[in-house]
Amino acid sequence: MEVSKRMNRPRITIFDTTLRDGEQSPGCSMNVQEKVRLAQQLDRLGVDVIEAGFPIASDGDFEAVQKIASSIRRPVIAGLARACKPDIDRAWQALQGAAHPRIHVFLATSDIHLKYKLRITRERCLEQAREAVGYAKSLCADIQFSPEDATRTDVPFLCQVVEAVIAAGATTANIPDTVGYSTPEEYAQLIRTLRETVAGIENVTISTHCHNDLGLAVANSLAGVLGGARQVECTINGIGERAGNASLEEAVMAMRVRPDRYPYETGIAAGQLYPSSQMLAEITQVPVQPNKAIIGRNAFAHEAGIHQDGVLKNPLTYEIMTPQSVGVPDSRLVLGKHSGRHALGLRCEQLGHKFERRELDEVYRRFVVLADRIKRVQDSHLLELIHDMTHGITPAPGRKSPAAASVSASVPHAASAAAGRDGYPAPLPAGPFRGGSAGEHHDQEDYLWGV
Ligand SMILES: [Zn+2]
C-alpha cells in the first residue's frame with residue numbers, strides 16, 4: 001500500500017474502555033496495580049484514549065484513575081461521571097495529574113430509562129445534560145457526553161440532547177448502544193441522521209459504543225464509522241457488561257485487512273494485540289475462547305491436512321493475515337526443556353511480560369522444572385507459571401526427575417551434574433567461552449540452568 005494512499009485515510013480514534021466498562025463485567029475486576037500494568041500495555045498498543053475508571057464508584061477506582069493519569073503521558077486519560085456535580089468533581093480530582101484529561105459525562109435519554117430509572121421528564125433530562133456538560137467544561141477542555149441507551153431513544157429527542165451538549169461545550173458525542181439492540185444498517189442511519197440534523201455536529205467527534213448482546217458489536221461499530229463516526233469505543237478481548245463490548249482487536253484488524261471496505265487508519269500497533277489479550281486474560285484469569293477471532297488459541301491453528309498443506313505452500317491459501325501481524329508468536333517455535341533463556345525471555349515478552357535479568361532467572365528455574373514434567377510448554381502453562389511466580393506461589397511438587405529436583409532446590413548443584421547424564425546436555429567445557437569476566441553472561445550459560 002503506497003504511503004500517500006494511507007495518509008489520506010481518515011484517522012479513527014481508538015477509545016479503550018477495558019479498564020472501565022470491561023472491568024465492570026463479572027469476574028473481570030482488577031486491583032490498582034493490575035490496572036496500571038494493563039494501562040501501560042494499552043499505551044504500548046497505541047490506543048488514543050484510555051478510560052481508566054469511574055472515580056466516584058469506589059476509592060480503588062479513584063486511585064487507579066489517579067495513578068494512570070499521573071504516570072501515562074501519551075494517550076488521553078478519561079474518567080467517567082454521571083451528570084451531576086459530585087461525580088464530575090471527583091472525576092476531575094482524579095484526573096489532576098493527567099497530561100491530556102477528558103471528563104466523560106453520561107445521562108440516560110431513552111423514555112424507558114427516564115421513566116423507570118431516573119424518574120425525570122425529557123425536559124429535565126435535557127436541562128441536566130446541558131448543565132452537567134457546562135459545569136464539566138468549566139473545569140476541563142476535553143468533554144465527552146454519552147446519552148445512555150441512545151439507540152432506544154426517540155430520535156428527534158436524541159438530536160435535541162446532542163445539540164444542547166455541543167452548545168454547552170462537549171467535544172465528543174458518544175452514541176451508546178447500551179443494551180446491544182441495534183443492527184448495522186440502523187446504527188449507521190442513526191449516525192447519519194445526527195450528522196444531517198444536529199447544529200454544530202461537524203465541530204465534534206462522533207463516537208460509537210456498542211454492546212454485543214446480539215453478537216453485532218463490531219459490525220455495528222464499523223457501520224457507525226461508515227456513517228461518519230470517527231471514534232470507536234472498544235475493549236481488549238471484547239470484555240464488558242453482559243455479552244461484552246466491541247472487541248478492539250476485531251474492529252482494528254477489520255480496517256487493516258479490508259481497507260477497500262473500511263478505508264480508515266488507526267494508531268494501533270497490531271503486533272501488540274496478542275500480548276495485550278494475553279495480559280488481560282492472565283490478570284483477570286478469564287480465558288479467551290479458543291475460536292475468538294484474531295487472538296484466540298485456534299485463530300491461526302490449521303488442523304485439517306488439506307489446510308496444513310496449503311498453508312505450508314503459501315500462507316495466503318487459508319490465512320487472510322499472518323499470526324505475526326497481530327503478535328501471535330510463531331507456533332513452530334516449541335518451548336521445551338532444551339530451550340534457552342533467550343528463547344524463553346522472548347516468548348515471555350511476546351506474552352506481555354518483560355523481565356529483568358534476575359526475574360528471568362527465576363522464571364527459567366521454574367520453567368525447567370515444568371518442562372521436565374510436561375515436555376512441551378504451551379503459552380498457557382507459561383502464563384500460569386508467571387502468575388504463580390509474581391504471586392509468590394511455589395510450584396506444585398508433582399513428579400520430578402532427581403536432576404530437575406536439584407535444579408529447583410539449588411541452582412549451583414546444577415552445574416555439578418555429570419556430563420550427559422539422564423539425557424541432559426553436558427555442562428560446557430572450561431575454555432575461552434567460560435573465562436569471561438564476572439557478571440558477563442554468554443548465551444551458552446543458559447544451558448547450565450537446565451542441566
Ligand atoms: Zn457500555
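**Student:** Got a sec to walk through the coordination of the zinc ion? Specific residues and values, please.
**Tutor:** Here the zinc ion is held by Asp21 (OD), His209 (NE2) and His211 (NE2), and the distances to it run 1.9 to 2.2 Å. Mapping the donors of the zinc ion onto the primary sequence gives the spacing D-x187-H-x1-H. Placement of Asp21 in helix H2 (residues 18–22) and of His209 in strand S7 (residues 205–210) is noted, with a sequence separation of 188 residues between them. The exposure class of His209 is buried, given its relative accessible area of 6%.

**Student:** Lay out the packing of aromatic side chains with the relevant residues and their values.
**Tutor:** All told, the structure shown has two aromatic pairs when counted by the stated rule. On the numbers, 6.1 Å between centres and 70° between planes, the contact of Phe54 with Phe106 is edge-to-face. Residue Phe54 is located in the loop between strand S2 (49–53) and helix H4 (59–71), and its partner Phe106 is located in strand S4 (residues 101–108); the two are separated by 52 residues in the primary sequence. Residues Tyr364 and Phe367 carry aromatic rings whose centres are separated by 5.9 Å and whose planes lie at 35° to one another, so their mutual orientation is tilted. Of the two residues, Tyr364 and Phe367 are both situated in helix H15 (residues 357–374); the distance of three residues between them amounts to about one turn of the helix. Here the two residues Tyr364 and Phe367 agree in accessibility, since each one is buried.

**Student:** Any chance you could break down the sheet that holds strand S3 (residues 76–82) for me, citing the residues and the numbers?
**Tutor:** Overall, parallel pairing links the eight strands, which are arranged S1-S2-S3-S4-S5-S6-S7-S8 in a closed barrel. On average, each strand axis in the sheet is inclined to that of its neighbour by 25°, with strand direction left out of account. Against the sheet, helix H6 (residues 111–118) makes contact with S4 and strand S5 (143–148), and its axis sits at roughly 85° relative to S4, the strand it touches most.

**Student:** Tell me about the pattern of salt bridges, residues and numbers included.
**Tutor:** Pairing of side chains with opposite charge becomes possible as their charged atoms draw close. Scanning the model with the defined rule gives 26 salt bridges in all. Note that Arg152 is salt-bridged to Asp149, the shortest N-O span being 3.0 Å. Exposure remark for Arg152: the relative accessible area of 34% places this residue in the partly exposed category. Glu362 is the partner of Arg365 in a salt bridge, and the nearest nitrogen-oxygen pair spans 3.0 Å. Here Glu362 and Arg365 lie together in helix H15, a separation of three residues that amounts to about one turn. Salt bridges sharing common partners tie together Arg20, Asp21 and Glu51.

**Student:** How would you sum up the environment of Cys234? Please name residues and give values.
**Tutor:** Summarising the element assignment, Cys234 is placed in strand S8 (residues 231–234). The class for Cys234 is buried, based on a relative accessible area of 0%. Separated by 18 residues in the primary sequence, Cys234 and Val252 place their C-alpha atoms 9.9 Å from one another. Residue contacts for Cys234: discarding those within four places in its chain leaves Ile14, Phe15, Asp16, Thr17, Thr18, Ala246, Ser247 and Leu248.

**Student:** Which residues make up helix H5 (residues 85–94), and what are the values?
**Tutor:** Among all positions of H5, only Asp87, Ile88, Ala91 and Ala94 are buried. Viewed along the axis of H5, the buried residues span an arc of 125°, placing them on a single side of the element. Looking at the buried side of H5, the elements it contacts are H4, S3, S4 and helix H7 (122–139).

The rules behind the values
The written sequence of each chain sets the order in which its residues are numbered from 1. Where local features are concerned, this predicted model is filtered to residues with pLDDT of at least 70; where side-chain atom pairs are given and counted, the filter is 80 or more; whole-chain, interface and lining totals use all residues. In computing side-chain values, all of the structure's heavy atoms are included and hydrogens and water are not. Listed donors are limited to N, O and S atoms within 2.8 Å of the metal, widened to 3.2 Å for Na, K and Ca; water is not among them, so incomplete-looking sites are possible. Helical segments are the DSSP runs of H or I of at least four residues, strand segments are the runs of E of at least two, and each set is numbered from the N terminus. When accessible area is computed with a 1.4 Å probe and restricted to protein chains, residues below 20% of their type maximum are described as buried, those above 50% as exposed, and intermediate ones as partly exposed. Whether two aromatic rings pair depends on their centres lying within 6.5 Å, for rings of Phe, Tyr and Trp, where Trp uses its six-membered ring; planes under 30 degrees apart make the pair stacked, over 60 edge-to-face, and the rest tilted. Only when DSSP finds a minimum of two bridges between them are two strands counted as paired. Angles shown run from 0 to 180 degrees and are taken between the N-to-C directions of axes, each axis being a line fitted to C-alpha atoms and, for helices, limited to the stretch in contact. Throughout, a contact is declared for two residues whenever any of their heavy atoms are within 4.5 Å. Salt bridges are defined as contacts in which a side-chain nitrogen from Lys or Arg sits within 4 Å of a carboxyl oxygen from Asp or Glu. Comment: arc refers to directions from the helix axis out to C-beta atoms.

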